[in-house]
Amino acid sequence: MVRTVEKMFRRYGTRMCLQTRVGSEEFCGFLHFITSRSWQNSKRDVTPLGETPGGHYVVLMPVDVQATPGDEVEQCGKSFILRRLEFMYYRDKALYQWGLCVEKGGE
């Protein structure tokens, strides 16, 4: 199962770049726009700058990407701020990680 998921990222994923405080890292992943307002409103996040929406995009990344909330994901010239991050498991092995993002400079 782990090899199948890794192969899926390599074969079908889009090239992205993760910008952290330490440096940058390229990886293949998936970024998808979310349109459900009720779901977003249930996932609100409050930062020192005020309240932000729960997330307008979902990003799927391989397990080995060293991401943390607050990092930026760049794809096709656009930047997205990672707000939440969780690992998805099969039995006791992490398969991939998913996160909620908002577009940098967006609402």
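Below you will find a few notes about this structure. Worth saying up front: this structure is predicted, and the values here are computed from it rather than measured.

What counts, and at which threshold
- Residues numbered from 1 in each chain as written.
- Predicted model: local features only at pLDDT ≥ 70, side-chain atom pairs only at ≥ 80, totals over all residues.
- Heavy atoms only, no water.
- Helix = DSSP H or I, 4+ residues; strand = E, 2+ residues; numbered from the N terminus.
- Contact = heavy atoms within 4.5 Å.
- Areas by Shrake-Rupley, 256 points an atom, 1.4 Å probe, with all protein chains shown as cover.
- Pairing = 2+ DSSP bridges.

A few points about the overall build of the protein chain
Step number 1: Check the secondary structure of the protein chain and you find two helices and eight strands.
Step number 2: Scanning the protein chain from its N terminus toward the C terminus, one meets helices and strands in the order α-β-β-α-β-β-β-β-β-β.
Step number 3: Sequence separation of 24 or more characterises 51% of the internal contacts of the protein chain that already satisfy a separation of 6 or more.
Step number 4: Taken as a whole, the protein chain presents about 7100 Å² of accessible surface, with 50% of it coming from carbon and sulfur.

Considering the pairing of strand 6 (residues 72-75)
Step number 1: Inspection of the sheet shows strand 1 (residues 14-19) paired to strand 6 by three bridges, in the antiparallel sense. Residue Cys17 lies in a different strand from strand 6, and its bridge partner there is Glu74.
Step number 2: Pairing analysis gives four bridges linking strand 6 to strand 7 (residues 78-90), with the strands arranged antiparallel. In the strand pairing of strand 7, Glu72 is matched with Ile81.
Step number 3: Linking strand 6 back to strand 7 in an antiparallel pair, the connection comprises two residues, with Cys76 at a positive phi of about 50 degrees.

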